[in-house]
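Spelled out, the chains give:
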Amino acid sequence: MKEVIHNVFIIEREGREILATKSKYGSHYGERKIGEFREWIPSRSKLAAMILKGHIIDIKPDWKVLYLGAASGTTVSHLADIVDEGIIYAVEYSAKPFVKFLQLAEERRNIIPLLEDASTPWKYNGIVEKVDFVYQDIAQKNQIEIFFANIDMFLKDGGEGVIMVKARSIDSTAEPEVVFERVVEELGEKLEVIAHGSLEPFHKDHIYVHVRKTK
Amino acid sequence: MKWNVWFGEVVEEDGKLIAKKSSDLVESFKNASNPEALPFNLPEVGLQVFESLEDYYRTLRKIAIKVTSEKVERELKREDRYVILLLKALDKLNESINMLEEKLRDIEEVKISETTEDFRERIEELKRLRRRIEKEIEDVITKIAPNLTEIAGAVIAARLLEKAGSLERLAFLPASKIQILGAEKSLYKALARMRRGKPAKTPKHGIIFIHPFIRTLPKRKRGRMARFMAAKLAIAAKLDYFKGELDESLAESVRKKYEELRREKDKPKKEEPKQERREEKQKKMKKPKRR
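Residues numbered from 1 in each chain as written. Chains lettered and ligands numbered in written order. Predicted model: local features only at pLDDT ≥ 70, side-chain atom pairs only at ≥ 80, totals over all residues. Heavy atoms only, no water.

**Student:** What's the story with the overall build of chain B in this structure? I'm lost.
**Tutor:** Looking only at helices and strands, one finds twelve helices and three strands in chain B. Scored against the burial criterion, the 291 residues of chain B give a buried share of 39%. The contacts in chain B between residues at least 6 apart in sequence include a share of 59% that link residues at least 24 apart. (Helix = DSSP H or I, 4+ residues; strand = E, 2+ residues; numbered from the N terminus. Buried < 20%, exposed > 50% of the residue type's maximum accessible area, 1.4 Å probe, protein only. Contact = heavy atoms within 4.5 Å.)

Written as structure tokens, this is what we have:
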């Protein structure tokens with residue numbers, strides 16, 4: 001058993017290594033509970049996929065996080081295990097998956113649910129504080145624009161961000177590699193790109209881009 | 001300067017920031033919007049009116065869950081009904097615009113006057129309204145039925161919803177029914193003929209025919225495409241109703257099927273000897289008609 005970052009472990013199970021977070025809560029999306037650990041399934045969560053691909057972000061337990069595209073809370077549930085002394089502001093635009101999410105928000109003490117459109121960050125600008133980390137997983141054409149707008153408004157100087165980009169939702173006709181190159185370049189114009197890479201084989205035609213806001 | 005924050009207001013007086021707590025936190029939470037990034041950190045200023053950070057976050061979380069739950073419930077209940085009613089209104093509006101334009105043309109052929117100009121302006125206004133309604137339908141349907149919209153586009157998704165009556169009913173329809181939604185008249189005509197023992201073909205597609213993936217295929221391939229798309233739409237409707245999250249692999253598979261069908265050439269005829277083919281044809285003709 002190896003602790004990767006706070007509360008994130010790689011544990012041995014039936015001869016295989018699996019990723020898990022240490023959690024005092026029960027299963028949220030059907031993942032296995034192994035003792036005090038919840039299995040973190042990379043095909044369900046892009047953040048888990050990124051970690052398993054070897055890119056590890058040292059998320060601190062007291063970080064304030066702005067999470068855009070929370071959906072039903074698969075990834076948020078694990079992130080909430082990690083920032084157990086912090087706060088996650090979780091934004092989601094569509095009501096259906098948020099029903100399930102609300103169960104999670106009721107259970108955890110460190111999640112603030114917001115049913116809002118991430119492309120209009122000024123609407124929650126009197127609720128969300130300055131954060132250490134912005135995480136975005138939104139399959140929309142203008143996702144880069146949305147990421148910039150939220151970083152401008154909420155990310156501390158020196159704070160970090162991760163955006164999960166799906167090639168097809170930006171341009172469904174171009175080659176994914178071409179789209180990714182363009183996206184990384186565009187992000188690099190305003191932010192420092194720390195790393196980027198593919199999420200294959202867990203998520204097809206997806207990349208993560210890890211950035212820092214510099215003054 | 002004054003900022004709207006979730007717990008009330010923050011005002012700047014003589015270079016100092018002063019927090020003012022609202023008596024109705026739900027109301028102030030809903031109005032907590034500001035066009036520019038705040039020049040202060042919220043919890044810090046909030047400490048002026050909360051006992052501790054713990055108190056601050058506990059209260060914020062309580063209000064956020066309360067407001068969000070109400071919002072979620074409201075949206076889920078009403079939105080599909082809203083789209084359907086908008087769509088019905090849109091149809092009537094279209095009829096009205098066409099009818100009014102026709103009448104106006106008739107009048108203008110006789111005489112153009114201030115009144116006819118006024119008339120034209122009003123019609124233009126209606127057209128603007130029409131665009132607004134279309135945009136609203138698109139926005140809402142994308143939100144409540146992301147999977148249906150991803151596969152079929154906003155227009156067809158909204159029409160399917162209208163024909164089914166609600167998202168719930170659409171989610172419980174079999175694919176075969178979705179395939180011919182909107183072609184009920186020709187379906188029942190065909191069924192009636194069959195019942196009388198006459199040859200008839202059931203329709204291949206209803207509303208979904210206007211989808212470019214079906215419309216642009218040659219006739220003999222449309223049936224297969226329609227059947228495939230309807231199957232995926234049936235899954236999409238269930239996903240939208242029960243889960244509400246987008247699964248892009250559905251639309252992807254529809255696109256692939258379309259590419260496949262489009263590229264597919266006619267089966268080479270030379271390979272089969274003529275003799276056999278004729279026999280086969282005769283066999284086929286002897287088969288009893290479908291009932």
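**Student:** In this structure, what is going on with the packing of helix H5 (residues 146-164) of chain B against helix H10 (residues 219-242) of chain B? I would like to understand it.
**Tutor:** The relative placement of two packed helices is expressed as an angle between their axes plus a distance between the axes. Residues and elements named next belong to chain B. Close contact between H5 and H10 brings their axes to 10 Å; oriented N to C, the two are set at 95°. In terms of orientation, H5 and H10 fall into the roughly perpendicular class. Residues Pro 146, Asn 147, Leu 148, Ile 151, Ala 152 and Leu 160 of H5 form the contact with H10, whose participating residues are Met 229, Lys 232, Leu 233, Ala 236, Ala 237, Leu 239 and Asp 240. A class-by-class count of the residues in the contact of H5 with H10 yields ten nonpolar, one polar and two charged. (Axes fitted to C-alpha atoms, helices over the stretch in contact; angles between N-to-C directions. Parallel < 35°, antiparallel > 145°, perpendicular 65-115°, else oblique. Nonpolar A, V, L, I, M, F, W, Y, C, P; charged D, E, K, R; others polar.)

**Student:** Can you help me understand a negative patch on the surface in this one?
**Tutor:** Residue and element names in this part refer to chain A. Judged by side-chain charge, Glu 145, Glu 181, Glu 185, Glu 186 and Glu 189 come together as a negatively charged surface patch. Here the negative patch takes four residues from helix H6 (residues 176-190), the largest share from any one element. Look at Glu 186 and you get partly exposed, because its relative accessible area is 35%. (Patch = residues over 30% accessible without salt bridge, like charges linked within 9 Å, V, L, I, M, F, W, Y side chains within 5 Å. Areas by Shrake-Rupley, 256 points an atom, 1.4 Å probe, with all protein chains shown as cover. Salt bridge = Lys/Arg side-chain N within 4 Å of Asp/Glu carboxyl O. Lys, Arg positive; Asp, Glu negative; His and termini not counted. Charge placed at Lys NZ, Arg CZ, Asp CG, Glu CD.)

**Student:** I keep staring at helix H3 (residues 95-107) of chain A and nothing clicks. Help me out?
**Tutor:** Residues spaced three or four apart along an α-helix point in a common direction, a consequence of the helix completing one turn every 3.6 residues. With 13 residues, H3 of chain A should reach 18 Å at 1.5 Å per residue; the first-to-last C-alpha distance of 19 Å fits that figure. At Phe 101 of chain A, H3 of chain A shows its strongest bend, of approximately 30°. All buried positions along H3 of chain A are accounted for by Ala 95, Lys 96, Pro 97, Phe 98, Phe 101, Leu 102, Leu 104 and Ala 105 of chain A. Where H3 of chain A is buried, its residues touch helix H2 (74-82), strand S7 (87-92) and strand S8 (111-115) of chain A together with helix H3 (53-110) and H10 of chain B. (Expected span 1.5 Å × (residues − 1). Bend = angle between axes of the 7 residues up to and from the residue.)

**Student:** Help me out: how do you make sense of the pairing of strand S2 (residues 8-13) of chain A in this one?
**Tutor:** Where a strand is regular, its side chains alternate between the two sheet faces. Residue and element names in this part refer to chain A. Judged from the three bridges that link them, strand S1 (residues 2-5) and S2 form a sheet pairing that is antiparallel. The residue of S2 that forms the bridge with Ile 5 is Val 8. Where S2 and strand S3 (residues 16-22) come together, six bridges link them in antiparallel fashion. Bridge pairing in S3 links Ile 10 to Leu 19. (Pairing = 2+ DSSP bridges.)

**Student:** Help me out: how do you make sense of the nonpolar core in this one?
**Tutor:** Burial of nonpolar side chains together is a common tendency in soluble globular proteins. Counting residues in hydrophobic clusters, the biggest one holds 56 residues, and the most contacted among them are Leu 66, Tyr 89, Tyr 124 and Leu 187 of chain A together with Trp 6, Phe 7 and Phe 29 of chain B. In terms of residues, this core owes the most to one element, helix H4 (residues 143-154) of chain A, which gives seven residues. When residues no more than four places from it in sequence are discounted, the contact partners of Phe 7 of chain B are Ala 19, Lys 20, Lys 21, Ser 22, Leu 25, Ser 28, Leu 42, Gly 46, Val 49, Phe 50 and Tyr 56 of chain B. Judged by nonpolar contacts, the second largest core, of 49 residues, contains Leu 87, Ile 156, Met 229 and Ala 251 of chain B. (Core = buried A, V, L, I, M, F, W, Y, C linked by side-chain atoms within 4.5 Å.)

**Student:** How do you make sense of the environment of Val 183 of chain A when you look at a structure like this?
**Tutor:** Residue and element names in this part refer to chain A. Mapped onto the elements, Val 183 comes out in helix H6. Measuring from C-alpha to C-alpha, the distance between Val 183 and Ile 207 comes to 10.0 Å, with 24 residues separating the pair along the chain. Apart from the residues lying within four places of it in its own chain, the contact partners of Val 183 are Ile 144, Val 165 and Ile 170.

**Student:** It is not clear to me how the layout of surface pockets should be interpreted in this structure. Could you clarify?
**Tutor:** Over the atoms rolls a probe the size of a water molecule, and its path tells where empty space is left. The calculated volume of the second largest pocket comes to roughly 580 Å³. Among the secondary structure elements, those contributing two or more residues to the lining of the second largest pocket are H2 of chain A together with H3 of chain B. With five residues, the top contributor of residues to the lining of the second largest pocket is H3 of chain B. Split by residue class, the lining of the second largest pocket holds five nonpolar, four polar and eleven charged. (1 Å grid on protein atoms, 1.4 Å probe; cavity = no way out; pocket = protein on both sides within 12 Å on 5 of 7 lines; lining within 4 Å. Points joined across faces, edges and corners; volume = space filled by probe spheres on them.)

**Student:** Got a minute to help me understand empty space enclosed by the protein in this structure?
**Tutor:** Tallied over the full model, the rule gives one cavity of 30 Å³ or more. A volume near 40 Å³ is recorded for the largest cavity. Around the largest cavity, the lining residues are Pro 113, Leu 114, Leu 115 and Glu 116 of chain A together with Phe 29, Val 67, Thr 68 and Lys 71 of chain B. Breaking the lining of the largest cavity down by element, the ones donating at least two residues are S8 of chain A together with H3 of chain B. Residues that form the lining of the largest cavity fall into these classes: five nonpolar, one polar and two charged.

**Student:** When you look at the sheet that holds S2 of chain A in this model, what are you seeing that I'm missing?
**Tutor:** Note on sheets: strands pair through backbone hydrogen bonds, and any given pair is parallel or antiparallel. Judged by pairing direction, the sheet is antiparallel, and its five strands sit side by side in the order S1-S2-S3-S5-S4 (chain A) without closing on themselves. The outermost strands of the open sheet, each flanked by one partner alone, are S1 and strand S4 (33-34) of chain A.

**Student:** Could you clarify how one ought to interpret the packing of aromatic side chains in this entry?
**Tutor:** Working definition: an aromatic ring pair is given by the centre-to-centre distance plus the angle between the planes. Going through the model one piece at a time under the given rule, you end up with 17 aromatic pairs over all chains. Summarising the aromatic geometry, the rings of Trp 3 of chain B and Phe 40 of chain B are spaced 5.2 Å apart at their centres and angled 80° between planes, so their arrangement reads as edge-to-face. With Trp 3 of chain B in strand S1 (residues 2-5) and Phe 40 of chain B in the loop between helix H1 (25-30) and helix H2 (42-46), the pair connects residues that are 37 residues apart, well separated along the chain. The residues Trp 3 of chain B and Phe 40 of chain B share a single accessibility class, namely buried. A centroid spacing of 6.4 Å and a plane angle of 65° characterise the contact between Phe 172 of chain B and Tyr 241 of chain B, whose relative ring orientation is edge-to-face. Taken together, the residues Phe 172 of chain B in the loop between helix H6 (167-171) and helix H7 (175-180) and Tyr 241 of chain B in helix H10 connect sequence positions 69 residues apart. Of the residues examined, Phe 172 of chain B reaches a relative accessible area of 55% and is grouped as exposed. Three or more aromatic residues joined by ring pairs form one cluster here, namely Trp 6, Phe 7, Phe 50, Tyr 56 and Tyr 57 of chain B. The ring of Phe 148 of chain A is capped by Lys 190 of chain A, whose NZ or CZ atom sits 4.6 Å from the centre of that ring. (Phe/Tyr/Trp six-rings, centres within 6.5 Å; stacked < 30°, edge-to-face > 60°. Lys NZ or Arg CZ within 6 Å of the ring centre and 35° of its normal.)

**Student:** Hey, could you run me through the confidence of the model for chain B in this one?
**Tutor:** Low-confidence regions, as indicated by low pLDDT, have predicted coordinates that should not be scrutinised in detail. All names here are of chain B. Here chain B averages 88 in pLDDT, and 91% of its residues register 70 or above. The least confident element of chain B is helix H12 (residues 274-286), whose mean pLDDT is 50; the most confident is H1, at 96. Of the regions scoring below 50 in pLDDT, residues 269-274 engages in three contacts with residues more than four places distant in sequence or in other chains. For this predicted complex, the interface confidence comes out at an ipTM of 0.94, alongside a pTM of 0.68. (pLDDT = per-residue confidence, 0-100.)

**Student:** Would you mind going over the pattern of salt bridges with me for this structure?
**Tutor:** Close approach of charged atoms allows side chains with opposite charge to pair. One pass over the full model with this rule turns up 29 salt bridges over all chains. Put simply, Glu 124 of chain B and Lys 127 of chain B hold a salt bridge, and the shortest N to O gap is 3.9 Å. Taken together, the residues Glu 124 of chain B and Lys 127 of chain B, both in helix H4 (residues 114-144) and three residues apart, mark about one turn of the helix. Under the relative-accessibility criterion, Glu 124 of chain B is labelled partly exposed at 31%. Accessibility expressed as a relative area gives 18% for Lys 127 of chain B, which makes it buried. One salt bridge connects Lys 135 of chain B with Asp 139 of chain B, and the closest N-O pair in it is separated by 3.1 Å. In this pair, Lys 135 of chain B and Asp 139 of chain B are both assigned in helix H4, four residues apart and thus about one turn of the helix distant. Each of Glu 31, Arg 38, Asp 81, Glu 107 and Arg 108 of chain A takes part in salt bridges that share partners, so that together they form one network.

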